[in-house]
Structure formats: C-alpha cells, structure tokens
Amino acid sequence: MVGLNSDASVKRSKGPKRPINNERERALLLAALEAVDYIVIFDEDKPASLVEKLLPDVLVKGKDWAHCVSGREAVERHGGRVVLAPMVQGKSTTNTITRILAAEKMERI
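Starting afresh in each chain, residues are numbered from 1 along the sequence in its written order. Thresholds applied to this predicted model are a pLDDT of at least 70 for local features of residues and 80 or more for the giving and counting of side-chain atom pairs; totals over whole chains, interfaces and linings are not thresholded and use all residues. With hydrogens and water set aside, each side-chain value is computed from the structure's full complement of heavy atoms.

Student: What should I look at first to understand the overall build of the chain in this one?
Tutor: Each helix and strand in the chain was counted, giving 5 helices and 4 strands. Going residue by residue from the N terminus, the α and β elements of the chain occur as β-α-α-β-α-β-α-β-α. Entry remark: accessible area of the chain is about 8300 Å², with carbon and sulfur atoms responsible for 55%. Counted as positive: Lys and Arg. Counted as negative: Asp and Glu, with His and the chain ends omitted from the count. Every charge is mapped onto a representative atom, which is NZ of Lys, CZ of Arg, CG of Asp or CD of Glu. When the 18 basic and 15 acidic side-chain charges of the chain are each reduced to a single mean position, those positions are 6 Å apart. Secondary structure elements follow DSSP: runs of H or I of four or more residues count as helices, runs of E of two or more count as strands, with numbering from the N terminus. With residues, only the protein chains shown are counted as cover, and all accessible areas are computed by Shrake-Rupley using a 1.4 Å probe.

Written out as structure tokens, the structure is:
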C-alpha cells in the first residue's frame, strides 16, 4: 500500500507550481508497479493518522526524510519497523525540473 500526497498537500509542501503531475496521474503510475496493491491519497501535511489507522508491519520513507518519519512511533509501538529507502543521486522531481528549464534556456540561445 502506498500513501500518496494529494495535490493540495504537495502545493503546501513544495509551492504553488507543484505538483507537476496531478494526484490521479501519480496514482496511476504507482498502481502500475507490481509491488503496489493499493493507493491511498491523503490531504494532510503528514500522514500520521493514516499510518496509525493502517499500522503497517513495515513503513518505508525516503532517507532524505529520515528526520521526520510521520507515524514512526505508532508503527514501532505495534512491533513494526521503519525502513529508510536510499535516494538515487540526481533523480528527483526538482532535479528534473531544473534540467528541463536549463535545456529550454539553451534552446533559446
């Protein structure tokens, strides 16, 4: 199961020009992954209440957010564990946007 930030929560977190792909498009992409059985779109800034309701055995969060794993306490209190997924260097939406804007700028020259 994947908890997916709603468009509104992404805007609050990343700014008014985000997300690049809307929540439906992002959910469809995630749903295409074999390992994903279900997607829950949440509107809160942090999914602590969702995590507390679901109480997963394993809660995975990107290592870049190690300082703030929402729901960690509830998962660990119920015997689950938190896994911090490694980030792939240079692979992020922000980096992709930067590369696209740089390429567009170069085309204008």
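Student: Please explain the pairing of strand S4 (residues 81-85) as it appears in this structure.
Tutor: Looking along a regular strand, one sees side chains alternate from face to face of the sheet. We treat two strands as partners when DSSP finds at least two bridges between them. Where strand S3 (residues 58-62) and S4 come together, 5 bridges link them in parallel fashion. Looking across to S4, one finds that Val-58 is bridged to Arg-81. Viewed with both strands pointing away, a crossover whose connecting path from the first strand over the helix to the second turns clockwise is right-handed. Handedness of the crossover joining S3 and S4 through helix H4 (residues 72-77): right-handed.

Student: Looking at this structure, I do not really get the layout of surface pockets. What am I missing?
Tutor: Over the atoms rolls a probe the size of a water molecule, and its path tells where empty space is left. For the largest pocket, the calculated volume is near 1900 Å³. Lining the largest pocket are 46 residues, and of these Gly-3, Leu-4, Asn-5, Arg-26 and Lys-61 lie nearest its centre. Listed by contribution, the elements that provide at least two residues to the lining of the largest pocket are strand S1 (2-5), helix H1 (7-14), helix H2 (23-31), helix H3 (48-54), S3 and helix H5 (93-108). Here the nonpolar group is Ala, Val, Leu, Ile, Met, Phe, Trp, Tyr, Cys and Pro; Asp, Glu, Lys and Arg are the charged ones; every other residue, Gly included, is treated as polar. Class assignment for the residues of the lining of the largest pocket results in 25 nonpolar, 11 polar and 10 charged. A 1.4 Å probe that fits into a set of points on a 1 Å grid over the protein atoms alone but cannot get out defines a cavity; an open set with protein on both sides within 12 Å along at least five of seven lines defines a pocket, and lining residues are those with an atom within 4 Å of a point. Grid points are joined across faces, edges and corners, and a volume is the space filled by probe spheres set on the points.

Student: What is the right way to look at a nonpolar patch on the surface in this model?
Tutor: Patch members must show over 30% relative accessible area and no salt bridge, and they are joined within 9 Å when carrying like charges or within 5 Å when they are nonpolar side chains of Val, Leu, Ile, Met, Phe, Trp or Tyr. When a carboxyl oxygen of Asp or Glu lies within 4 Å of a side-chain nitrogen of Lys or Arg, that pair is called a salt bridge. The grouping of Met-1, Tyr-38 and Leu-54 at the surface amounts to a nonpolar patch, some 330 Å² of accessible area in total. Its place among the elements puts Leu-54 in helix H3. Look at Leu-54 and you get partly exposed, because its relative accessible area is 41%. Relative accessibility thresholds used throughout: buried, under 20% of the residue-type maximum; exposed, over 50%; partly exposed, between the two (1.4 Å probe, protein chains only).

Student: Hey, could you run me through the nonpolar core in this one?
Tutor: General note: in soluble globular proteins, nonpolar side chains tend to be found buried as a group. Formed by Val-51, Leu-59, Val-69, Val-75 and Val-82, the largest nonpolar core amounts to 5 residues. Residue contacts are counted whenever heavy atoms from the two residues lie within 4.5 Å of one another. Those residues within four positions of Leu-59 in sequence are excluded, and the remaining contacts are Val-51, Val-69, Ser-70, Gly-71, Arg-72, Val-75, Arg-81, Val-82 and Val-83. Definition used in this section: a nonpolar core is a set of buried Ala, Val, Leu, Ile, Met, Phe, Trp, Tyr and Cys residues joined via side-chain atoms within 4.5 Å.

Student: Can you help me understand the side chain of Arg-26 in this one?
Tutor: As for its placement among the helices and strands, Arg-26 is situated in helix H2. Sequence-distant contacts of Arg-26, that is, excluding residues within four places in its chain, are made with Leu-4, Asn-5, Ser-6, Asp-7, Val-10, Pro-19 and Asn-21.

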